[in-house]
Amino acid sequence: MADVVVVGAGLAGLNCALGLQEKGLTVTVLEAADQVGGRVRTDLVDGFRCDHGFQLLNPSYPAVRRYVDLPALDLQPFAAGVAVGGAAGTTTVADPRREPGLIGRSLLSGYVRPLELARLAAWAAPALGSVPRLREGSDTTLAESLDEAGVDGRLRHEILEPFLAGVLASTDGSTSAAFVRLLLRAFLLGTPSLPAAGMAALPEQLAARLAEPVRTGVRVELVSGNSVKTADGELSARAVVVAANPTAGLTTARAPRMKGLSTYWFAADEAPRADKLLVVDGHRNGPILNTAVISNAAPSYAPPGRHLIQATTLWPTEATEAEVRLQLTRLYGRSAGAWELIIRHDIREALPEQPAPLAARQPVALGDNLYVAGDHRDTASIQGALVSGRRAANAVAATLRG
Ligand SMILES: Cc1cc2nc3c(=O)[nH]c(=O)nc-3n(C[C@H](O)[C@H](O)[C@H](O)COP(=O)(O)OP(=O)(O)OC[C@H]3O[C@@H](n4cnc5c(N)ncnc54)[C@H](O)[C@@H]3O)c2cc1C
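Being a predicted model, the structure only gives us computed values, none of them experimental.

How would you sum up the overall build of the protein? Please name residues and give values.
Tallying secondary structure elements over the protein gives 13 helices and 20 strands in all. A globule of 402 residues ought to have a C-alpha radius of gyration of about 21 Å, and the protein, at 22 Å, matches this closely. Along the longest, intermediate and shortest principal axes, the C-alpha atoms of the protein span 65 × 50 × 40 Å. Evaluated residue by residue, the protein yields a buried proportion of 56% over its 402 residues. A separation threshold of at least 6 residues defines the contact pool for the protein, and within that pool the share at least 24 residues apart is 73%. For the protein, the exposed surface amounts to about 17000 Å²; the carbon and sulfur share of it is 52%. For the protein, the centre of its 39 positive side-chain charges and the centre of its 40 negative side-chain charges are spaced 5 Å apart.

Next up, the structure:
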């Protein structure tokens, strides 16, 4: 009998198991899927690496720096800016510190207006301040917070909001402003990147450090007291940590509303842009939240001589693939009609909602040696999942070790 059974081998479950192992406890991890990673997985299709929904790893996340061997992931960075599609083609707005070569393009973009820029900078300033204050200070929705700060021009409506829509899987401004500032902090301090072997390399690295391999293909049906029931029988332990999707219904912890995303992965013989920028539609003239030529930033994601392009929309959407191709054609200024659709990922439960006020440190101990972990206990991010796993491990170890 292991000291602890962890249910779910997403980032939270894996980092929880590693924390328990570091504290000298024995752990069995049960995972329903045939691979570890949960929401962080990669399909290899005809030589293309297609992550389960477009996502990026931000190397500045404190938990990533602490628990992940970043050099081993061989990160491929995106550019620190966005290309904004509008009526007259795309314009570029980039961070002048990290992309000095794009300063000229940013200044000519028409988006850099002193008053709105100053107000936006004042609004964003707390992002680089104290993290506990961000987590625990007063909070309101993103839309209200920008209104209060007087940020109401093109920078907000044509860049910030379209960019955040893809990051938050939400277009209505109802997300916690504190959570957005925490994300902004990560973007300002680090450059989002993709591991050479795909996002799946992140959970695989964590899983490889476990003394007992994760038992994949084992779905837990019921958690009762200190034992879990699977199709193959029952398993007991001194404590159980449920790091499964909150909607799996294995505990009484409140399940948040989950938001969905769809990503289309296209192959093309020619790259429609040469840069490593994320492209957003300033006028949101179609279903696409963001698109990028992935293989420009991450050449390892496509076979030699070919290119990989992602387009992400909200899920569910009424939009058809033809509408997605039409918007891509507008955004890139070249026809996307003949691009080959490699695969489409519909992630119904991509991100837990993060309403205001932010509740970034929710209890992980449910009583009777039952614990819960997952991004829904902290923040809807890789950072939140890793932190929640470690918080659960610390709570279990504190109890079991008296
Ligand atoms: C499309 C998309 C884009 C994203 N973009 C970003 C981004 O750019 N940056 C960022 O920081 N975050 C991003 N995220 C969020 C991030 O991926 C998640 O916050 C994080 O992976 C959640 O990890 P988790 O361990 O909490 O949950 P999960 O990954 O959901 O893990 C839960 C695990 O439990 C397993 N499980 C469920 N039920 C059972 C059962 N009954 N028995 C056994 N096992 C079970 C599941 O199979 C799964 O492996 C994105 C997510 C998606 C989907």
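Quick one: what's the story with the sheet that holds strand E2 (residues 27-31), residue by residue and with numbers?
Taken together, six strands build an open sheet; the order of strands is E9-E2-E1-E13-E20-E19 and the sheet is mixed. Here the strands that pair on one side only, and so sit at the sheet edges, are strand E9 (215-216) and strand E19 (365-367). Where strand E1 (residues 4-7) meets E2, four bridges bridge the pair, whose relative direction is parallel. Across the sheet, the residue bridging to valine 5 is threonine 28, located in E2.

Quick one: what's the story with the packing of aromatic side chains, residue by residue and with numbers?
The description of an aromatic ring pair uses the distance of the two centres, along with the angle that the planes make with each other. All chains considered together, the criterion is met by five aromatic pairs. Look at tyrosine 264 and phenylalanine 266: their rings are 6.0 Å apart centre to centre, the planes differ by 5 degrees, and that puts the pair in the stacked class. No difference in accessibility class separates tyrosine 264 from phenylalanine 266, as the two residues are buried. By the ring-pair criterion, three or more aromatic residues cluster together here, those being Tyr264, Phe266, Tyr332 and Trp339.

I'd love a proper account of unusual backbone geometry, names of residues and values included.
The omega torsion across tryptophan 315 and proline 316 is 0 degrees, close enough to zero to call that bond cis. Looking at the element boundaries, proline 316 is found in the loop between strand E17 (307-315) and helix H12 (321-332). Of note, the amide linkage connecting alanine 356 to proline 357 takes the cis form, showing an omega dihedral of -5 degrees. Within the secondary structure layout, proline 357 lies in the loop between strand E18 (340-352) and E19. Positive phi outside glycine occurs at aspartate 368, with the angle close to 55 degrees.

Residues and numbers for the site of the ligand, please.
In the vicinity of the ligand, 35 residues are found, and the nearest of them are Glu31, Arg39, Tyr61, Asp375 and Ile382. Relative to its unbound accessible surface of 1000 Å², the ligand loses 91% to contact with the protein. If you list the elements that add at least two residues to the shell around the ligand, you get helix H1 (11-22), E2, E18 and helix H13 (382-400). Among the elements that take part in the shell around the ligand, E18 stands out by supplying three residues, more than any other. For the shell around the ligand, the domains that each give at least three residues are domain 1 (4-40 + 202-256 + 355-400) and domain 2 (42-58 + 74-199 + 258-352).

Please give an account of the packing of helix H8 (residues 154-168) against helix H9 (residues 177-189) that cites residues and values.
One can describe the packing of H8 onto H9 by two numbers: an axis separation of 12 Å at closest approach and a directional angle of 100 degrees. In terms of axis orientation, H8 runs roughly perpendicular to H9. Across the interface between the two elements, Phe163, Leu164, Val167 and Leu168 of H8 pack against Phe179, Val180, Leu183 and Phe187 of H9. By residue class, the composition of the contact of H8 with H9 is eight nonpolar, no polar and no charged.

Break down the pattern of salt bridges for me, citing the residues and quoting the values.
Tallying each qualifying case throughout the model produces 23 salt bridges. For glutamate 158, the salt bridge is made with arginine 154, and the minimal N-O distance between the two is 3.2 Å. Of the two residues, glutamate 158 and arginine 154 both sit in helix H8, four residues apart, roughly one turn of that helix. Here arginine 391 and aspartate 378 are joined by a salt bridge, their closest N and O atoms 2.8 Å apart. Of this pair, arginine 391 sits in helix H13 while aspartate 378 sits in the loop between strand E20 (370-372) and H13, placing them 13 residues apart in sequence.

Calculation notes
- Residues numbered from 1 in each chain as written.
- Predicted model: local features only at pLDDT ≥ 70, side-chain atom pairs only at ≥ 80, totals over all residues.
- Heavy atoms only, no water.
- Helix = DSSP H or I, 4+ residues; strand = E, 2+ residues; numbered from the N terminus.
- Rg over C-alpha atoms; globule rule 2.2 N^0.38 Å.
- Buried < 20%, exposed > 50% of the residue type's maximum accessible area, 1.4 Å probe, protein only.
- Contact = heavy atoms within 4.5 Å.
- Areas by Shrake-Rupley, 256 points an atom, 1.4 Å probe, with all protein chains shown as cover.
- Lys, Arg positive; Asp, Glu negative; His and termini not counted.
- Charge placed at Lys NZ, Arg CZ, Asp CG, Glu CD.
- Pairing = 2+ DSSP bridges.
- Phe/Tyr/Trp six-rings, centres within 6.5 Å; stacked < 30°, edge-to-face > 60°.
- Near = heavy atom within 4 Å.
- Domains from an automatic or database assignment.
- Axes fitted to C-alpha atoms, helices over the stretch in contact; angles between N-to-C directions.
- Parallel < 35°, antiparallel > 145°, perpendicular 65-115°, else oblique.
- Nonpolar A, V, L, I, M, F, W, Y, C, P; charged D, E, K, R; others polar.
- Salt bridge = Lys/Arg side-chain N within 4 Å of Asp/Glu carboxyl O.

Just distances and angles here, no functional claims.
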